Amino acid sequence: MVNIVLVSHADVGAALVRAAEMIAGPAEGVYAVSLLPEDSPESFGEKLDGVLAHIEGQETLILIDLFGGTPYNVAARQVLKETVECVTGVNLPMVLELLMSRDDATASELAASIATAGKESVRNLGPLLGR
Amino acid sequence: MDDVVGADPFMQEVLGLAAPPGLTVDVYTVDDALQVLSNTPSRSTTMVLMKTPQTARRLYDGGLHYNALNIGGIGNAPGRKNIFKNISASREEIDILTDLMAKGVEITLLTVPGEKSKAFSDLAGKV
């Protein structure tokens, strides 16, 4: 099963995991690393390394909150590893999709599918409902 | 400008990729940046990003006498103390900023867009 690591400003990542678990049930192999106001890029990097050390060499999908910013700057390098994929712009539908489909898929397959799921989840309701 | 990222092509790609559309990102080591900026006739639309006051001093001492410097966030670390919001600085860094201020650089502290910026001159002597 592919590991999931969320990296974010403040506790967005941890909150997304809690929210997804409310819907999909308790999940294993899911980690969240928060960039706090007192963190430097270096201390955030150490926190991320600490989590990744547990799952070294395993298939891992890193979900990054923003395309740009410290979590992105620090985490993007991990994509150089053969077993790691990184996707930016994480939202709740993406995390949910992952929790429900990661049993027999590779990190690379999941990365492609949730990038699409994430985009399709964004809708402007006014025009859609004819208002 | 940063000596580590300036020598790291992969990281330069990572930073350039996430730049807003229409914006070009160039990454240089401090020495190269100094060279490039000194030889660029119009710098009016160039924003220079640096990680530490030490780099800001190298830029100034290298002959690029900028008028204003904003401190946008310096993480806490051993040897640094918090001086304003999420900005921390070591004694050495505070001394560098105080020195740049004495040379006429207007130094502000602004960590989040839209907030009211703080003048470093209000803190100098107290930190």
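Procedures and definitions
- Residues numbered from 1 in each chain as written.
- Chains lettered and ligands numbered in written order.
- Predicted model: local features only at pLDDT ≥ 70, side-chain atom pairs only at ≥ 80, totals over all residues.
- Heavy atoms only, no water.
- Pairing = 2+ DSSP bridges.
- Helix = DSSP H or I, 4+ residues; strand = E, 2+ residues; numbered from the N terminus.
- Axes fitted to C-alpha atoms, helices over the stretch in contact; angles between N-to-C directions.
- Contact = heavy atoms within 4.5 Å.
- Salt bridge = Lys/Arg side-chain N within 4 Å of Asp/Glu carboxyl O.
- Buried < 20%, exposed > 50% of the residue type's maximum accessible area, 1.4 Å probe, protein only.
- Buried area = accessible area lost by both parts, 1.4 Å probe.
- Nonpolar A, V, L, I, M, F, W, Y, C, P; charged D, E, K, R; others polar.

Concerning the sheet that holds strand 1 (residues 3–9) of chain A
Through backbone hydrogen bonds, the strands of a sheet pair up, either in parallel or in antiparallel fashion.
Residues and elements named next belong to chain A.
Then, in step 1: Strand order in the open sheet formed by 4 strands is 2-1-3-4, with parallel pairing between adjacent strands. Across the chains shown, the open sheet's two edge strands, defined by having one partner strand only, are strand 2 (30–35) and strand 4 (84–88). Adjacent strand axes in the sheet meet at a mean angle of 20 degrees when their direction is disregarded.
Then, in step 2: Note: strand 1 against strand 2, 6 bridges, orientation parallel. Residue pairing in the sheet places V5 in a bridge with Y31 of strand 2.
Then, in step 3: In this fold helix 2 (residues 41–54) packs onto strand 1, strand 2 and strand 3 (60–64), with an angle of close to 170 degrees to the strand it touches most, strand 2.
Then, in step 4: In the packing of helix 5 (residues 107–120) onto the sheet, the strands contacted are strand 3 and strand 4, and the crossing angle to strand 3 comes to about 30 degrees.

Details of the pattern of salt bridges
Then, in step 1: All told, the structure shown has 10 salt bridges over all chains when counted by the stated rule.
Then, in step 2: R77 of chain A is paired through a salt bridge with D8 of chain B; the nearest N and O atoms lie 2.5 Å apart. Residue R77 of chain A is located in the loop between helix 3 (70–75) and strand 4, and its partner D8 of chain B is located in the segment before helix 1 (9–17); the two belong to separate chains.
Then, in step 3: On the basis of relative accessible area, R77 of chain A is assigned to the partly exposed category, the value being 35%.
Then, in step 4: When salt bridges that share partners are traced, they join D3, D31 and R58 of chain B into one network.

Digging into the interface of chain B and chain A
Then, in step 1: Facing the 10 residues of chain B at the interface are 12 residues of chain A.
Then, in step 2: Here chain B packs against chain A, burying approximately 930 Å² in sum over the two surfaces, 62% of which is carbon and sulfur.
Then, in step 3: Our enumeration of links across chain B and chain A arrives at 1 salt bridge.
Then, in step 4: Across the side of chain B that touches chain A, the residue classes tally to 6 nonpolar, 3 polar and 1 charged.

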